[in-house]
Amino acid sequence: GENVEQHPSTLSVQEGDSAVIKCTYSDSASNYFPWYKQELGKRPQLIIDIRSNVGEKKDQRIAVTLNKTAKHFSLHITETQPEDSAVYFCAASTNYGQNFVFGPGTRLSVLP
Amino acid sequence: DARVTQTPRHKVTEMGQEVTMRCQPILGHNTVFWYRQTMMQGLELLAYFRNRAPLDDSGMPKDRFSAEMPDATLATLKIQPSEPRDSAVYFCASTSPGQGADQPQHFGDGTRLSIL
């Protein structure tokens, strides 16, 4: 089955710096890669996603890149702010969610 | 703004008691997932349903946990008998049928369960 690894497990950056979180997956059939942000005590919320026919997607300060050959995808947050502090989860899925698997999460702390 | 609704939000009970958690998926969503999360750890998939049929419940302890979808608007997760190690936040998520591609999962606010 699908296995998703995520690194680093914790990440601290200074406010205004960039943060990068990387994920790898094992199933070459995976074609959908969402990223979720979970603030303390809250539910995971989708922040950006990418499908396998696209190599990069950007939404304001957040971008995701996908390398299908290497089977890895990354989340990039620029100009980090304290409110970006949260746990971020990546996930990989095949068609129809038959194999929707989350990574273990990255705890991001943005220091003022 | 359509949301997944979970009840109760909090539950405290003594070990050995039956616990029932409920989830109302977003109207029109046909796939429902149950996850367990402890101490802000990862999301552990317990079970999921498509069109009310269970597709995978391999992550669920079968001896005490059961999951059902009595109808398209209600999913339930039961624990009987409950144990202290079941204390966690249980999330329900739902997703809609895609046009040949996956759609994101939308999470409920979770049920925070404490077994004393």
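Each remark here, short or long, concerns the structure printed above.
Residues numbered from 1 in each chain as written. Chains lettered and ligands numbered in written order. Predicted model: local features only at pLDDT ≥ 70, side-chain atom pairs only at ≥ 80, totals over all residues. Heavy atoms only, no water.

### Looking at the overall build of chain B
A tally of regular secondary structure across chain B gives 0 helices and 11 strands. Tracing chain B from N to C terminus, the helices and strands come up as β-β-β-β-β-β-β-β-β-β-β. Relative to the globule expectation of 13 Å for 116 residues, the C-alpha radius of gyration of chain B, 14 Å, shows essentially globular dimensions. Viewed in the frame of its principal axes, chain B has a C-alpha envelope of about 45 × 30 × 25 Å. For chain B, the proportion of its 116 residues judged to be buried stands at 47%. For chain B, the share of sequence-separated contacts (at least 6 apart) that also reach a separation of at least 24 residues comes to 53%. (Helix = DSSP H or I, 4+ residues; strand = E, 2+ residues; numbered from the N terminus. Rg over C-alpha atoms; globule rule 2.2 N^0.38 Å. Buried < 20%, exposed > 50% of the residue type's maximum accessible area, 1.4 Å probe, protein only. Contact = heavy atoms within 4.5 Å.)

### Digging into the sheet that holds strand β7 (residues 65-71) of chain B
All names here are of chain B. Judged by pairing direction, the sheet is antiparallel, and its 4 strands sit side by side in the order β1-β3-β8-β7 without closing on themselves. Here the strands that pair on one side only, and so sit at the sheet edges, are β1 (5-7) and β7. Put simply, the sheet's adjacent strands are angled 20 degrees from each other on average, direction ignored. (Pairing = 2+ DSSP bridges. Axes fitted to C-alpha atoms, helices over the stretch in contact; angles between N-to-C directions.)

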